[in-house]
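# Architecture and fold: a report
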Amino acid sequence: MLLLAPMEGLLDATLRDVITRVGGIDRCVSEFIRVTDTLLPERAFVRVVPELLNGGYTRAGVPVRAQLLGSDPACLADNAARLAGLGPHGIDLNFGCPAKTVNQSRGGAVLLDEPELIGRIVLAVRRAVPAHVPVSAKMRLGFNDDSRAEECAHAIADAGADELVVHARTKAHGYRPPAYWERIAQVRESLPAGRRMAIIANGEIWTVADARRCREVTGCDTLMIGRGMVTDPGLALAIKGLNGASWSHILPLLPIFWVQMSARVERRHRAGRLKQWLNYLRKRHPEAQRAFDDLRLSNDAAQVEVWLRQHVPPARQLPTVPAFSAPASIPANRQAAPDA
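Attention here is on the structure that accompanies the text. (Residues numbered from 1 in each chain as written. Predicted model: local features only at pLDDT ≥ 70, side-chain atom pairs only at ≥ 80, totals over all residues. Heavy atoms only, no water.)

## A short note on the side chain of Asn94
Summarising the element assignment, Asn94 is placed in strand 4 (residues 91–95). Side-chain polar atoms of Asn94 contact the backbone nitrogen of Cys97, separated by 2.9 Å. Ignoring any residue separated from it by four or fewer positions in sequence, one finds Asn94 in contact with Phe32, Gln67, Leu68, Leu69, Gly108 and Lys138. (Helix = DSSP H or I, 4+ residues; strand = E, 2+ residues; numbered from the N terminus. Polar contact = N/O pair within 3.5 Å; in protein donor to acceptor, adjacent residues only side chain to side chain. Contact = heavy atoms within 4.5 Å.)

Have a look at this one:
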């Protein structure tokens, strides 16, 4: 299986929708929903995971698992129970975010120095949601070092998680290569024989060769890919032995991305969001480099729309994208909320 990773500030519902249209992705995980000391309203979950209004699927039919971030077991459990009632394809817990602001608020990777707390969080969430709802977690190898990686994985497994994604770097490593895939193998092998929790490998998978070697080194059949998939939306297909996605497949997705993103982002930030994705795409596609160069100096949404009409055949108009319809329990105006 191939999973699309969460990436705060980049891989949101809009980009999930567009990338899953290309094919090859088996499941997505949302960017995190921050839980502090309150029970969030339903609209807070839907704002981050609008796929909840579509049975938990992207428009292409790929299931989405919603991710929570926090450090209070009881509060996370309460929010997980409410979230489970909205029909996500599982609930994921974030123990890997390296952002300083998140860590200073006692969330994400900083909890890797507290395996006992991690275990209590997973156990509380597992008990709070119905048995048929999968509970998973995502962690790094550690905060400043990887000395407690196995201890954290054991705590998560003992608490009843169904899956664990291991990003093969510590918080201190950030996103600098390499990824230490051999440590994922060691974590996986340290779990007691017969333990049902699946281990999923994540980190520095950019090509088919990377995916093959990661599987060989880690022993993990399932991979989670983030930046590699944003850079090459056809990577999942290629890993599965199918034809990848050429620029001719990706170019028509740009206006779809633009329309959906424009519904969620203030006008003055829209050009920046498109250029953010083009900045990744240009690492793989020379045509994206030319598009990026054309738009590099433009922050005017109207100019971007002109460029899209001129360069995306056969469009003379930007496409319309149907909104997910809201059930009665969700406020109908929730889609107007801007991105965090």
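## What about the pattern of salt bridges?
Applying the stated criterion to the full structure yields 19 salt bridges. For Arg21, the salt bridge is made with Asp17, and the minimal N-O distance between the two is 2.5 Å. Within this pair, Arg21 and its partner Asp17 are both found in helix 1 (residues 13–22), separated by four residues, close to a single helical turn. We classify Arg21 as partly exposed; its relative accessible area is 34%. (Salt bridge = Lys/Arg side-chain N within 4 Å of Asp/Glu carboxyl O. Buried < 20%, exposed > 50% of the residue type's maximum accessible area, 1.4 Å probe, protein only.)

## With respect to the layout of surface pockets
Of the voids in this model, the largest pocket is the one considered here, and its volume is about 490 Å³. Lining the largest pocket are 30 residues, with Pro6, Met7, Lys138, Arg140 and Tyr175 positioned closest to its centre. Of all elements in the fold, only strand 2 (27–34), helix 4 (100–104), strand 5 (135–140), strand 8 (223–225) and helix 9 (227–231) reach the threshold of two or more residues within the lining of the largest pocket. It is strand 2 that contributes the most residues to the lining of the largest pocket, three residues altogether. In the lining of the largest pocket, the residues fall into 13 nonpolar, nine polar and eight charged. (1 Å grid on protein atoms, 1.4 Å probe; cavity = no way out; pocket = protein on both sides within 12 Å on 5 of 7 lines; lining within 4 Å. Points joined across faces, edges and corners; volume = space filled by probe spheres on them. Nonpolar A, V, L, I, M, F, W, Y, C, P; charged D, E, K, R; others polar.)

## Overview of the environment of Val102
Structurally, Val102 is set in helix 4. Residue classification places Val102 among the buried residues on the basis of a relative accessible area of 3%. C-alpha of Val102 to C-alpha of Leu69: the two residues are 33 residues apart in sequence and 9.0 Å apart in space. Contact partners of Val102, with chain neighbours within four places excluded, come to Phe32, Arg34, Leu69, Cys97, Gly107 and Gly108.

## Notes on the packing of aromatic side chains
For the structure on display, the rule yields one aromatic pair. Here the basic side chain of Arg140 rests over the ring of Tyr175, its NZ or CZ set 4.9 Å away from the ring centre. Directly above the aromatic system of Phe292 lies the positively charged group of Arg282, at a separation of 4.0 Å from the ring centroid. (Phe/Tyr/Trp six-rings, centres within 6.5 Å; stacked < 30°, edge-to-face > 60°. Lys NZ or Arg CZ within 6 Å of the ring centre and 35° of its normal.)

## A short note on the sheet that holds strand 4
Adjacent strands of a sheet form backbone hydrogen bonds with each other and so pair up, either parallel or antiparallel. In space, the eight strands of this closed barrel follow the order 1-2-3-4-5-6-7-8, with parallel pairing throughout. Strand after strand, the sheet turns through a mean of 30° between neighbouring axes, direction not considered. When strand 6 (residues 163–167) meets strand 7 (residues 198–202), the two strands line up parallel, connected through five bridges. From the neighbouring strand, Val165 faces strand 7, where its bridge partner is Ile200. Sitting on the sheet, helix 5 (residues 115–128) touches strand 4 and strand 5, and the angle it makes with strand 4 is about 165°. Helix-sheet contacts for helix 6 (residues 149–158) involve strand 4, strand 5 and strand 6, and the interaxial angle to strand 5 is about 170°. (Pairing = 2+ DSSP bridges. Axes fitted to C-alpha atoms, helices over the stretch in contact; angles between N-to-C directions.)

## Observations concerning empty space enclosed by the protein
Taken as a whole, this structure holds one cavity of 30 Å³ or more when the rule is applied. Roughly 40 Å³ of internal volume is contained in the largest cavity. Along the walls of the largest cavity sit Leu3, Arg27, Val29, Arg65, Asp92, Ser136, Glu163, Val165, Ile200 and Met224, which together make up its complete lining. Of all the elements in the fold, those that place two or more residues in the lining of the largest cavity are strand 2 and strand 6. Of the residues assigned to the lining of the largest cavity, the class counts are five nonpolar, one polar and four charged.

## Comments concerning the nonpolar core
Counting 106 residues, the largest nonpolar core has Leu68, Phe95, Ile156, Leu254 and Leu278 as the members making the most contacts within it. Setting aside anything within four residues of it in sequence, one finds Ile156 in contact with Phe95, Ile118, Val122, Ala137, Met139, Ala161, Leu164 and Met197. By size, the runner-up hydrophobic cluster in this structure holds six residues, among which are Leu3, Ala5, Val29 and Val165. (Core = buried A, V, L, I, M, F, W, Y, C linked by side-chain atoms within 4.5 Å.)

## Describing the pairing of strand 6
Two faces, one strand: in a regular strand the side chains alternate between the faces of the sheet. Of all five residues that make up strand 6, five are buried, and the element is covered over most of its length. The alternating pattern of strand 6 places Glu163, Val165 and His167 on one face and Leu164 and Val166 on the opposite face, and all of these are buried. The handedness of the strand 5 to strand 6 crossover, carried by helix 6, is right-handed. (Right-handed = clockwise from strand over helix to strand, strands pointing away.)

## Describing the side chain of Asp12
As for its position among the elements, Asp12 is in the loop between strand 1 (2–4) and helix 1. Relative accessible area serves as the criterion here: at 6%, Asp12 is assigned to the buried category. In this structure the side chain of Asp12 is engaged in a polar contact, spanning 2.8 Å, whose partner is the side chain of Arg273.

## Quick word on the environment of Ala149
By the secondary structure assignment, Ala149 is in helix 6. The buried category is assigned to Ala149, whose relative accessible area is 0%. For the pair Ala149 and Leu112, spaced 37 residues apart in sequence, the C-alpha to C-alpha distance is 7.8 Å. The residues touching Ala149, leaving out its near neighbours within four places in the chain, are Met139, Leu141, Arg183 and Val187.

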